[in-house]
Amino acid sequence: MDWTLVASQEAFEALLAEHRGAPAVAVDTEFMRRNTFYPQVALLQLCFTDHAWLVDPLALDDTAPLVALFEDPATTKVLHSASEDLEVFDHWLGALPRPLFDTQRAAGLLDQGFGLGYRGVVEQAFGVTLDKGETRSDWLRRPLSDSQCRYAALDVAYLLPLYERLHADAEAAGKLPWILEEGEVACAGAGSRNPAYYLRVKSAWKLAPRQLAALERLCAWREDEAARRDKPRSWILDDKLCLAIAQVMPADTAALAAVGELPPAVLRRCGAALLGCIAAARALPEAALPAPLPPPLDSEERKRLKALKARVRALAAAASVAPEMLLAGRDLELLLREARGLPINEPASWQGWRRALAIEPLRAALAEGAL
């Protein structure tokens, strides 16, 4: 594929002006995230026809033209496995590519393979094996090599032809609205910050409500600190230590120092903040404490989960959708807990096409005792 490196603001603006109103654009990024909280954008690849434009973000002074492209409803933005790219755009631009057609999710909704990487789907669709030579390249180093540029160009080279195939198949199957809805859900959930990270900490279900409140505050403090310092969460405080501190609920520096393997440097730098999180949790009235998290499924629930998975496979087969695209395992566990009368936070993905096709039928089967 032919490619052009765009390394000035003037060339960047001319490129986007020339292609304003294009029906679709293939989009990809190269970014680095070794020692940072936020991804560091290093290259933006755009393809409007059969030519790849490699935009150097380090050479740009104003990204407003790109924001305008991303927010133009007349131009469909085509990405493959978009979640990490969305995180890049959210931090870099404060804007997301809408409408979004994710070719990976489209393939799953059309039962043409689930979770296939870009190279896998290109090989499946076009019989072409793409080079992996620059996968671990340092994309922030300048100048970029010809090998890097060729690799980056190939990352968008087949996206528009793939989009055209999948778009036609989706229209024929009546699933184009499903794919665009999936893109909107992905955009709505994009971003590095996770206000409820404590729910992802392993073994958090073992904590009593007040301990859980402490964990919630510790994780929220860490989220803010990691973002402020632009460092990985684990560099601030890893999950294991957050859990250990919440379990012990230390009241002073000596008690905090005795927790697990708390590094002395963390104690010196962050001890007061950590104790503040614990004190805030101690001060909460009982009515303000979070509900305990549900434990892992017991043997009887695992049997029901197995039956639920079988029903999902049947529903997916009838709709010609990859079962994993219909509902993930965590969704099935949520449905089981809901059926037990436990409160749940309903995911955004349960709305729209998925609700009528799977959520409501499965809820009804669970309520009737058929599962």
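Up top you'll find the structure we're talking about.
Residues numbered from 1 in each chain as written. Predicted model: local features only at pLDDT ≥ 70, side-chain atom pairs only at ≥ 80, totals over all residues. Heavy atoms only, no water.

Undergrad: Give me the lowdown on the nonpolar core, citing residues and values where you can.
TA: With 55 residues, the main nonpolar core has Trp139, Leu308, Leu327, Leu335 and Leu362 as its most contacted residues. If sequence neighbours within four positions are ignored, leucine 362 has contacts with Leu308, Arg311, Val312, Leu315, Leu327, Leu335 and Leu371. Within the second largest apolar cluster, 38 residues are counted, among which are Tyr197, Ile236, Cys270 and Leu293. (Core = buried A, V, L, I, M, F, W, Y, C linked by side-chain atoms within 4.5 Å. Buried < 20%, exposed > 50% of the residue type's maximum accessible area, 1.4 Å probe, protein only. Contact = heavy atoms within 4.5 Å.)

Undergrad: Break down helix 1 (residues 9-18) for me, citing the residues and quoting the values.
TA: For helix 1, the set of buried residues is Gln9, Phe12, Leu15 and Leu16. Within helix 1, the buried residues cover an arc of 130 degrees as seen down the axis, which keeps them to one side. Structural note: helix 1 exposes Glu10 and Glu18 on the side pointing more than 90 degrees away from its buried face. Packing partners of the buried residues in helix 1 comprise strand 1 (2-6), strand 3 (40-47), strand 4 (51-55) and helix 2 (64-70). (Helix = DSSP H or I, 4+ residues; strand = E, 2+ residues; numbered from the N terminus. Arc of directions from axis to C-beta.)

Undergrad: I'd like a description of the side chain of aspartate 331, backed by residues and values.
TA: The topology assignment puts aspartate 331 in helix 16 (residues 329-339). Salt bridges are absent for the buried aspartate 331, whose nearest opposite-charge side chain, arginine 330, sits at 5.0 Å. When residues no more than four places from it in sequence are discounted, the contact partners of aspartate 331 are Pro347, Ser349 and Trp350. (Lys, Arg positive; Asp, Glu negative; His and termini not counted. Salt bridge = Lys/Arg side-chain N within 4 Å of Asp/Glu carboxyl O.)

Undergrad: So what's going on with the packing of helix 8 (residues 176-188) against helix 17 (residues 353-367)? Residues and values would help.
TA: Interhelical geometry of helix 8 versus helix 17 gives an angle of 95 degrees and a closest axis separation of 9 Å. The angle between helix 8 and helix 17 places the two elements in the roughly perpendicular class. Judged by residue contacts, Trp178, Glu181 and Glu182 of helix 8 engage Trp353, Arg354 and Leu357 from helix 17. Looking at the contact of helix 8 with helix 17 residue by residue, the class counts come to three nonpolar, no polar and three charged. (Axes fitted to C-alpha atoms, helices over the stretch in contact; angles between N-to-C directions. Parallel < 35°, antiparallel > 145°, perpendicular 65-115°, else oblique. Nonpolar A, V, L, I, M, F, W, Y, C, P; charged D, E, K, R; others polar.)

Undergrad: Explain the pairing of strand 2 (residues 24-32) residue by residue, including any values.
TA: Of all nine residues that make up strand 2, eight are buried, and the element is covered over most of its length. Where strand 2 lies against strand 5 (residues 76-79), three bridges are found, and the strand directions are parallel. Residue alanine 24 lies in a different strand from strand 5, and its bridge partner there is threonine 76. (Pairing = 2+ DSSP bridges.)

Undergrad: Go over the packing of aromatic side chains with me, naming the residues and quoting the values.
TA: Counted according to the given criterion, the structure contains six aromatic pairs. Ring geometry for phenylalanine 101 versus tyrosine 163: centroids 4.8 Å apart, planes at 85 degrees, classification edge-to-face. You can see phenylalanine 101 sitting in strand 6 (residues 100-102) and its partner tyrosine 163 sitting in helix 7 (residues 159-173), a full 62 residues away along the chain. Taken individually, phenylalanine 101 and tyrosine 163 each receive the classification buried, so the pair is uniform in this respect. Between tryptophan 178 and tryptophan 353 the ring centres are 4.4 Å apart and the planes differ by 10 degrees, which places this aromatic pair in the stacked class. Placement of tryptophan 178 in helix 8 and of tryptophan 353 in helix 17 is noted, with a sequence separation of 175 residues between them. Classification of tryptophan 178 by relative accessible area gives buried; the value is 19%. (Phe/Tyr/Trp six-rings, centres within 6.5 Å; stacked < 30°, edge-to-face > 60°.)

Undergrad: I'd like a description of the sheet that holds strand 4, backed by residues and values.
TA: A sheet is described by the order of its strands in space; here six strands give the open sequence 1-4-3-2-5-6, paired in mixed fashion. Looking at which strands have only one partner, the edges of the open sheet turn out to be strand 1 and strand 6. In this sheet, adjacent strand axes meet at a mean angle of 25 degrees when their direction is disregarded. Together, strand 2, strand 3, strand 5 and strand 6 form the strand contacts of helix 3 (residues 83-92), whose direction differs from that of strand 2 by roughly 80 degrees.

Undergrad: Residues and numbers for the pattern of salt bridges, please.
TA: Counted by the stated rule, this structure contains 19 salt bridges. Two residues, aspartate 56 and arginine 142, come together in a salt bridge whose shortest N-O distance is 2.8 Å. Highlighted residues: aspartate 56 in the loop between strand 4 and helix 2 and arginine 142 in the loop between helix 5 (118-126) and helix 6 (146-157), separated in sequence by 86 residues. For aspartate 56, a relative accessible area of 9% translates into the label buried. Owing to a relative accessible area of 29%, arginine 142 belongs among the partly exposed residues under this scheme.

Undergrad: Would you mind going over the pairing of strand 5 in detail, with residue names and values included?
TA: Residues Thr76 and Val78 of strand 5 are buried on one face, and the alternating residues Lys77 and Leu79, pointing to the opposite face, are buried as well. Where strand 5 meets strand 6, three bridges bridge the pair, whose relative direction is parallel. When the bridges of strand 6 are listed, leucine 79 appears paired with aspartate 102. For the segment spanning strand 5, helix 3 and strand 6, crossover handedness is right-handed. (Right-handed = clockwise from strand over helix to strand, strands pointing away.)

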